[in-house]
Amino acid sequence: MSRVFKFHNDVDTDQIIASQYLLLPNIEEMKVYAFESIDPDFSKKVQEGDIVVAGENFGCGSSREQAPSVLKALGVKAIVAKSFARIFYRNAINIGLPVVVSGELYDKVEQLDEIELDLSEGVIKTKDETLPCTKLPPYMQNILDHGGLINFLNEGEV
């Protein structure tokens with residue numbers, strides 16, 4: 001089971017990692033500032049395997065690839081949202097961070113609820129029910145299984 005960290009609609013990449021922290025030398029140093037403007041203690045509370053759940057248009061704004069990278073570096077297992085900004089979605093898949101669309105989950109969970117995400121079946125289990133979510137196409141799942149696009153390509157799985 002994974003704990004839920006719930007965020008609102010239209011969370012932009014500057015709210016995920018503010019631009020002033022992009023000057024830091026690496027993702028490890030940046031990750032402690034994730035969601036600082038929304039939840040200043042997020043990086044202290046989140047644990048390996050937790051899931052970010054959000055409303056619509058998650059990851060809007062600039063196309064900075066550090067936004068999904070800091071979440072992955074903090075151990076976030078996946079992001080489930082009603083919808084994603086297109087470039088954020090692609091950047092997340094490219095670094096091996098699962099992003100899943102679910103129109104129902106946001107309204108059925110609260111902060112720190114526990115859920116179970118089954119990417120291969122395309123379902124999310126809450127304490128009360130099983131909800132459908134995007135089942136990723138095999139080629140995208142293969143990229144995730146390799147830890148991201150670069151690893152996938154380096155292993156010659158074209």
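A quick note: this is a predicted structure, and the numbers were derived from the prediction, not measured.

K.L.:
So what exactly am I meant to see when it comes to the sheet that holds strand E6 (residues 123-125) here?
P.N.:
Sheet strands line up and pair through hydrogen bonds in the backbone, either parallel or antiparallel. If you walk across this open sheet you meet the 7 strands as E4-E3-E2-E1-E5-E6-E7, and the pairing is mixed. Bordering the open sheet on either side are strand E4 (99-101) and strand E7 (130-132), each of which pairs with just one other strand. Averaged over neighbouring strand pairs, the angle between their axes works out to 35° when direction is ignored. Note that strand E3 (residues 78-81) and E4 share 3 bridges and pair parallel.

K.L.:
I'm lost on unusual backbone geometry in this one. Help?
P.N.:
Peptide bonds are trans in most cases, and residues, glycine excluded, mostly fall at negative phi. We note that Asn57 has phi near 60°; this positive angle belongs to a residue other than glycine. Along the polypeptide, Asn57 turns up in the loop between strand E2 (51-54) and helix H4 (66-73). Even without being glycine, Leu112 reaches a positive phi, approximately 70°. With relative accessibility at 45%, the residue Leu112 sits in the partly exposed group.

K.L.:
Which parts of the structure should I look at to understand the environment of Ser62?
P.N.:
With respect to the helices and strands, the residue Ser62 is situated in the loop between E2 and H4. Here the alpha-carbon distance between Ser62 and Ala78, two residues 16 residues apart in the chain, equals 20 Å. Only 3.0 Å separates the side chain of Ser62 from the side chain of Thr13, close enough to count as a polar contact. A distance of 3.2 Å separates polar atoms of two side chains, one belonging to Ser62 and the other to Arg64.

K.L.:
Can you help me understand the nonpolar core in this one?
P.N.:
A general trend in soluble globular proteins is that nonpolar side chains are found buried together. With 36 residues, the main nonpolar core has Ile16, Phe35, Phe42, Phe58, Leu71, Ile79 and Phe88 as its most contacted residues. Among the elements of the structure, strand E1 (2-7), E2, H4, E3, helix H5 (86-95) and helix H6 (138-145) are those that each provide at least two residues to this core. No other element matches the 4 residues that H5 contributes to this core. Ignoring sequence-local partners within four residues, the contact set of Ile16 consists of Val11, Tyr33, Ala34, Phe35, Phe58, Gly59, Ala67, Val70, Leu71 and Phe88. Core analysis: the second largest hydrophobic core is formed by 15 residues, Val53, Leu117, Ile124 and Leu131 among them.

K.L.:
Any chance you could explain the UniProt feature "domain: Aconitase A/isopropylmalate dehydratase small subunit swivel" (unreviewed entry) in the chain here in plain terms?
P.N.:
The positions that UniProt labels "domain: Aconitase A/isopropylmalate dehydratase small subunit swivel" (unreviewed entry) are, in the present scheme, residues 38-97. Between the first and last C-alpha atoms of residues 38-97 the distance is 21 Å; the span itself is 37% helix and 13% strand.

K.L.:
How should the pairing of E1 be read in this particular structure?
P.N.:
Two faces make up the sheet, and in a regular strand the side chains alternate between them. Alignment of E1 against strand E5 (residues 114-118), held across 2 bridges, turns out to be antiparallel. Bridging from a neighbouring strand, Ser2 pairs with Ile115 of E5. In this structure, E1 lies alongside E2, joined through 4 bridges in parallel fashion. The residue bridging Val4 from the neighbouring strand is Ile51, located in E2.

Conventions we followed
Residues numbered from 1 in each chain as written. Predicted model: local features only at pLDDT ≥ 70, side-chain atom pairs only at ≥ 80, totals over all residues. Heavy atoms only, no water. Pairing = 2+ DSSP bridges. Helix = DSSP H or I, 4+ residues; strand = E, 2+ residues; numbered from the N terminus. Axes fitted to C-alpha atoms, helices over the stretch in contact; angles between N-to-C directions. Buried < 20%, exposed > 50% of the residue type's maximum accessible area, 1.4 Å probe, protein only. Polar contact = N/O pair within 3.5 Å; in protein donor to acceptor, adjacent residues only side chain to side chain. Core = buried A, V, L, I, M, F, W, Y, C linked by side-chain atoms within 4.5 Å. Contact = heavy atoms within 4.5 Å. UniProt positions renumbered as here; feature names shortened; annotations may be inferred.

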